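# Breakdown of the fold
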Amino acid sequence: MEEDIVINYTYYHWGPFLYHTTIDRKKLNKIKDLCTKKSKDVRKNLAGFLKHEHEVERTDLFPLIAPFLNSYAKAYVDYSGKTLPNKIELVSSWVNYMTKFESNPLHIHDEDLSFIIFTKVPKELREEYNKCLSTAKPGAINFIMNLDSNKYMLNQRSFFPEEGDLFIFPAGLHHFVNHFKNDMERISISGNIKLHNG
């Protein structure tokens, strides 16, 4: 029998930098307070099949998320060995009120980076997710690096969101959310970020 041998190897980070963290409850509540269905309807600029997608005031939101954007920039150096431009500008932000049978089809965003913050995830959605036998699970956020299929590449990552989850990612990274069937409302905030030196 051949003896076990030690094989040294290296693997390399490849593809988009998908960042995930959790916002603490106190800050999350401040973010929630910025959301209302009475603000400007922004559906005409978005891909979602949702009845309620409304503007979130950028000047109020930016100070709350700026520490996480700075954290992303530092983590990006660890991931890629490169630095990002030194100015971060929140160009647009909005809140999604997703309800029964609504969805966000496969799409990308404008600008350089995008983010998603989950502010409300009903427990009934977790139950529906757990019972679903399909690979296309209800209410999950799905990221797809490449639309070509190859069984030897990690091409897609899916996550069931928890309240307070924050994802930051390149705006050109495809993503989508499938519909759910229960009578409930899942709330998330998204936004687009421009990077430049200034």
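The preceding data block contains the structure.
This section reports on the structure supplied with the text. (Residues numbered from 1 in each chain as written. Predicted model: local features only at pLDDT ≥ 70, side-chain atom pairs only at ≥ 80, totals over all residues. Heavy atoms only, no water.)

### Things to note about the packing of aromatic side chains
Throughout the structure, instances matching the rule amount to 12 aromatic pairs. Taken together, a centroid distance of 6.0 Å and an interplanar angle of 55 degrees make the contact between F17 and Y76 tilted. Of the two residues, F17 sits in the segment before strand 1 (19-22) while Y76 sits in helix 2 (residues 58-80), which places them 59 residues apart along the sequence. By relative accessible area, which is 11% here, F17 ends up buried. With 6.3 Å between their ring centres and 90 degrees between their planes, F118 and F167 make a pair best called edge-to-face. Of this pair, F118 sits in strand 5 (residues 113-120) while F167 sits in strand 8 (residues 165-170), and the two are 49 residues apart along the sequence. Each member of the pair F118 and F167 is classed as buried. Among the aromatic residues, those joined into a ring-pair cluster are F17, Y19, Y72, Y76 and Y79. Against the face of Y97 rests K37, its NZ or CZ located 4.9 Å from the ring centre. (Phe/Tyr/Trp six-rings, centres within 6.5 Å; stacked < 30°, edge-to-face > 60°. Helix = DSSP H or I, 4+ residues; strand = E, 2+ residues; numbered from the N terminus. Buried < 20%, exposed > 50% of the residue type's maximum accessible area, 1.4 Å probe, protein only. Lys NZ or Arg CZ within 6 Å of the ring centre and 35° of its normal.)

### Digging into the nonpolar core
Core analysis: the largest hydrophobic core is formed by 27 residues, its most contacted members being I31, L61, I65, F115, I117 and I189. Counting only elements with at least two residues in this core, the list comes to helix 1 (25-32), helix 2, strand 3 (87-99), strand 5, strand 8 and strand 10 (185-196). When residues of this core are assigned to their parent elements, the largest contribution, eight residues, is made by helix 2. Residues within four places of I117 in sequence aside, it is in contact with I23, L28, I31, I65, D165, L166, I187, S188 and I189. (Core = buried A, V, L, I, M, F, W, Y, C linked by side-chain atoms within 4.5 Å. Contact = heavy atoms within 4.5 Å.)

### Observations concerning the environment of S149
Relative to the helices and strands, S149 resides in the loop between strand 6 (141-144) and strand 7 (156-159). We classify S149 as exposed; its relative accessible area is 74%. Sequence separation of S149 and L133 is 16 residues, and the distance between their C-alpha atoms is 22 Å.

### Remarks on helix 3 (residues 123-131)
One full turn of an α-helix is made of 3.6 residues, so residues set three or four places apart face in the same direction. Listed as buried for helix 3 are L125, E128 and Y129. Axial view of helix 3: buried residues confined to an arc of 100 degrees, hence all on one face. Along helix 3, exposed side chains directed more than 90 degrees from the buried face belong to K123 and K131. (Arc of directions from axis to C-beta.)

### Structural notes on the pairing of strand 5
Of all eight residues in strand 5, seven are buried; the element is thus mostly enclosed. Bridge count between strand 5 and strand 8: five bridges; the pairing is antiparallel. By the bridge assignment, I116 is partnered in strand 8 with F167. Where strand 5 meets strand 10, seven bridges bridge the pair, whose relative direction is antiparallel. Along strand 10, the bridge assignment pairs L113 with I193. (Pairing = 2+ DSSP bridges.)

### Remarks on helix 2
Between its terminal C-alpha atoms helix 2 stretches only 29 Å, short of the 33 Å expected from 23 residues at 1.5 Å a residue. Taking the largest bend as the criterion, helix 2 deviates by roughly 50 degrees, centred on I65, and proline P67 comes between one and four positions later. Among the residues of helix 2, L61, L64, I65, A66, F68, L69, Y72, A75 and Y79 are the ones counted as buried. (Expected span 1.5 Å × (residues − 1). Bend = angle between axes of the 7 residues up to and from the residue.)

### Quick notes on the environment of D78
Examined against the element boundaries, D78 turns out to sit in helix 2. It is 36 Å that separates the C-alpha atoms of D78 and S134, two residues lying 56 residues apart in sequence.

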